[in-house]
Amino acid sequence: MAEIVPQIIVSGLLIGGVYALVSVGLSLLFGVVDIVNFAHGEFLMLGMYTTYWIWVFSGVDPLITLIISIPVMFLTGALLMKYLFKRVIDASPLTQIFLTVGLQILLQNVALMAFSANYRTIQVVYNEIVWNIGGVTIQISRLIAFFIAILLSIILWLFLTRTDMGKAMKASQLDRETAKLMGINTDKIFMIAAGISAAITGAAGTAISTFFYVFPTVGVSFGLMAYITVILGGLGNLKGAFVGGLLIGVAEAFGVQYVGADSGLLLAFIIFIVLLTIKPQGLFSKGVA
Amino acid sequence: MLLTVNNMHVSYGAIKALQGISISVKGGDCIAIVGGNGAGKTTLLKIISGLLKPSEGSITFNNKNIVGMEPYNVAAEGIAHVPEGRRVFSALSVLDNLIMGSYLPSAKKDRSQSLEYMFSLFPKLEERQHQLAGTLSGGEQQMLAVARGLMLKPKLLMLDEPSSGLAPIIVEQMYEKLAEVHAQSSMTMIVVEQNVPVALSLADRGYVLENGSVMLSGNSNDLLNNPGVKEAYLGF
Ligand SMILES: Nc1ncnc2c1ncn2[C@@H]1O[C@H](COP(=O)(O)OP(=O)(O)OP(=O)(O)O)[C@@H](O)[C@H]1O
Ligand SMILES: [Mg+2]
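Residues numbered from 1 in each chain as written. Chains lettered and ligands numbered in written order. Predicted model: local features only at pLDDT ≥ 70, side-chain atom pairs only at ≥ 80, totals over all residues. Heavy atoms only, no water.

With that out of the way, let us pick up the overall build of chain A. A tally of helices and strands in chain A yields 11 helices and two strands. Starting at the N terminus, the α and β elements of chain A follow one another as α-α-α-α-β-β-α-α-α-α-α-α-α. For chain A, whose C-alpha radius of gyration is 19 Å, the value lies close to the compact-globule estimate of 19 Å for 289 residues. C-alpha atoms of chain A, sized along the principal axes, occupy 60 × 50 × 35 Å. Looking at the 289 residues of chain A, the share that counts as buried comes to 52%. By sequence separation, contacts in chain A at least 24 residues apart represent 76% of the contacts at least 6 residues apart. In the form shown here, chain A has an accessible surface area of approximately 12,900 Å², with 71% of it arising from carbon and sulfur atoms. Positive and negative side-chain charges in chain A, numbering 14 and 12 respectively, have mean positions lying 9 Å apart. (Helix = DSSP H or I, 4+ residues; strand = E, 2+ residues; numbered from the N terminus. Rg over C-alpha atoms; globule rule 2.2 N^0.38 Å. Buried < 20%, exposed > 50% of the residue type's maximum accessible area, 1.4 Å probe, protein only. Contact = heavy atoms within 4.5 Å. Areas by Shrake-Rupley, 256 points an atom, 1.4 Å probe, with all protein chains shown as cover. Lys, Arg positive; Asp, Glu negative; His and termini not counted. Charge placed at Lys NZ, Arg CZ, Asp CG, Glu CD.)

On to the overall build of chain B, then. For chain B, the count of helices and strands is 11 helices and 10 strands. In summary, chain B has a C-alpha radius of gyration of 17 Å against a globular reference of 18 Å for 236 residues, a match within 12%. Each principal axis of the C-alpha atoms in chain B carries an extent, and together these give about 45 × 40 × 35 Å. For chain B, the residues scored as buried account for 53% of the 236 residues in total. A total of about 9,800 Å² of accessible surface is found on chain B, and carbon and sulfur atoms cover 49% of it. Averaging the positions of the 19 positive and the 21 negative side-chain charges in chain B gives two centres separated by 6 Å.

For the rest of this paragraph, the subject is the side chain of A:Ser172. Residues and elements named next belong to chain A. In this structure, Ser172 sits in helix H6 (residues 164–174). Engagement of the side chain of Ser172 in a polar contact is seen with the backbone oxygen of Ala168, the distance being 2.7 Å. Not counting residues up to four positions away in its chain, the partners in contact with Ser172 are Val32, Ala179, Ile184, Thr186, Ile189 and Phe190. (Polar contact = N/O pair within 3.5 Å; in protein donor to acceptor, adjacent residues only side chain to side chain.)

All names here are of chain B. In the Ramachandran plot, Glu161 falls in the positive-phi region, its phi being about 50° despite a non-glycine side chain. Considering the arrangement of structural elements, one finds Glu161 in the loop between strand S7 (156–160) and helix H8 (168–185). The backbone of Ser186 shows a phi angle near 45°, a positive value even though the residue is not glycine. Mapping Ser186 onto the fold places it in the loop between H8 and strand S8 (188–193).

Residue and element names in this part refer to chain B. With respect to topology, four strands assemble into an open sheet ordered S2-S1-S4-S5, the strand pairing being antiparallel. Here the strands that pair on one side only, and so sit at the sheet edges, are strand S2 (15–25) and strand S5 (64–65). Taken together, the eight bridges between strand S1 (residues 3–12) and S2 define a ladder with antiparallel strand orientation. Counterpart to Val10 in the pairing with S2 is Leu18. Here helix H1 (residues 41–49) sits on the sheet in contact with S1, S2 and strand S4 (56–61), set at roughly 115° to S1. (Pairing = 2+ DSSP bridges. Axes fitted to C-alpha atoms, helices over the stretch in contact; angles between N-to-C directions.)

Residues and elements named next belong to chain B. Taken together, 14 residues form the shell around ligand 1, and within it Asn37, Lys41, Thr42, Thr43 and Glu84 come nearest. Burial of ligand 1 by the surrounding chains reaches 64%, relative to a free accessible area of 630 Å². Taken together, the elements giving at least two residues each to the shell around ligand 1 come down to S2 and H1. Considering each element in turn, the shell around ligand 1 owes the most residues, three residues, to H1. Within the shell around ligand 1, the residues separate by chemical class into four nonpolar, seven polar and three charged. (Near = heavy atom within 4 Å. Nonpolar A, V, L, I, M, F, W, Y, C, P; charged D, E, K, R; others polar.)

Residues and elements named next belong to chain B. Coordination of the magnesium ion (ligand 2) by the protein comes from Thr42 (OG1), Glu84 (OE) and Glu84 (OE), over a distance range of 1.8 to 2.8 Å. With Thr42 in helix H1 and Glu84 in the loop between strand S6 (79–82) and helix H3 (94–101), the pair connects residues that are 42 residues apart, well separated along the chain. On the basis of relative accessible area, Glu84 is assigned to the partly exposed category, the value being 36%. (Donors = N, O, S within 2.8 Å, 3.2 Å for Na, K, Ca; no water.)

All right, on to the sheet that holds S6(B) then. Residue and element names in this part refer to chain B. Judged by pairing direction, the sheet is mixed, and its six strands sit side by side in the order S6-S7-S8-S3-S9-S10 without closing on themselves. Whereas interior strands pair on both sides, the edge strands pair on one side only; in this sheet they are S6 and strand S10 (213–219). Each strand axis lies, on average, 15° off the axis of its neighbour in the sheet, ignoring direction. Bridge count for S7 against S8 is five bridges, and the pairing is parallel. Within S8, the position partnered with Leu157 by the bridge is Met189. The strands that helix H7 (residues 138–150) touches are S6 and S7; relative to S6, the one it contacts most, it runs at about 170°.

Below is the structure:
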C-alpha cells in the first residue's frame, strides 16, 4: 500500500503543475483587475482547440502550436478586457458574475456549434512512452506538460518582478489611483494582465492536449479547480495559487487512488472546505485587511 | 503662467466641494494652499491631476487644456501629484516604489541620476531600499512618497499635506528638503497644508480655502500677518 505513495505524489505533482498555471492565470486577473472570471476554464478550452485544429491541418507537434496559440489567446484576453470586462470593473460582484458566466456559456456553445460535441484526441508519437524511475512510472507527455507549466510560471514571475511593466502591474493591483499618478496607463495594464491570463491558461490547454480529450466543456472542471485553488491560496496571491495548484493535483491523485477514479476531486473539495473553515482568508494570506 | 485653474466647480453628489475656485501658478514659483478640514484642498489637487472630473471650469497647464485628461496622461505632461496619506505601494520595495515614480519614458532615461539624487536627499531611503515600503515608519513613508513624486522629474510637483502625522522635527526636516529641491531646481510646487505657518514659510504665495472657495490670497508674508489668518490658523 505505502509503496504506491511516491507514484501518487509524482502523478499528482505532474498534473498539479498544470493546475498551478491555470490557477495563476485566474489569480492574476483577479488580483490586478479585481474581476472573478467565471469563463476562465474556457481559455483552456480555446487553447486546446487552437492547438487541435493547427495540428489537424498542419500535423505539427502540439508544442509548436504554442507559437500561434499564445499570441492568439493573449489577443483574445486583451480584447475581452477592452470591450467586455472593463465595463464591469467597478460594478457589483453580481454584475461581474452575470457577465462572465454569460461569457462562459456563450464560449461553450460557440465551441459546440463550431466543433460539435465530439471528444477529440491528438496523437503524438511520444504519447505512449513511459519512463520508469525507481518504480515510479512517468508518462512523457505529462512530464512535458509539467515542464511547460513550470517554465511559463517562471517566465511570468520574472516578468512581474524584474520588469517595469510587471512592477506597474503589481502597483496597479495595490493602488490603482496612485499608479495612474505615476503615469501608468492602468487600462493598458489591465489589457495586458487579461492577455497574459488567457495566454498562459490557453498554453496549459495546449500542454495537456496530448493526453486529454478536447471537447467544448473541457474547461469546466479546470475552471472549478482554479477557483478553489485561488481561494485556497488567498485571493490574488500568485504564489498561493501556484502552490495551491500543486496541492490540489496531489490531493486529486490520492482521491483517485483511495476514493475512486471518478471522484478524485472529491478529496480535494473536502480538504478545501476543511481548510476554509480553519483559515478563511486562505492558506497564504498574511491576514492583512 | 504654468498652471491656470479657472472657475472650478466640483460636486460629490449633492455636496459642493469646490465652488468657483481660480488659482494661477507661475513657472518656478512655490505656492501654498491652506485651509481647514473639508475646505476642498485635496479635491482641487485631484481635479488638476485628472483623478476627478469637474462639472465646470477650465485648467491650462503649459498652454494646454488638461481638463478631462486621464491622470496618466496628465502625469506625462509633467505634473506629479503626491497624494494625501502617502499611498506608497506597500507590498513593493522602497526601490521599486522609486522605480514606479520614474515609469514614464521621459523620467526613465534619467532614472539612475534621479535615484542618486533621492538617496542624497533622503539617505534613509538608500539604507532601506530593499525593504518593503509598508514596513517603513510613517515619516519614512512620507519621504518615499515625496521622493517617488520627484522621480517623475515633474514640471509641477503637487504635495497634499506632506506634514500630516509627522513629529514636528520631521516636519521641519521634510520642509528643509523641499526648500532645497525648490532652490536647486527651481521646480514649480503646490503645497497643500493644514499646517499653515510651515507651508507659508516655504511658499512665495498662498491661497486660503474655505468651503470650496478662495477666501484670501497673497504673498506668504502678507498672509502670515493677516489678522484673519492669524486668528483662524495660527492660534493667536
Ligand atoms: N469621495 C467623496 N464623496 C463625497 N464627499 C466627498 C468626497 N471627497 C471629499 N468630499 C467632501 O468634499 C469636501 C472637500 O473635501 P476635501 O477632501 O477636498 O477637503 P480637504 O480640504 O482636503 O480636507 P482635509 O484637510 O481634511 O484633507 C468635504 O466636505 C468632503 O466631505
Ligand atoms: Mg485633504
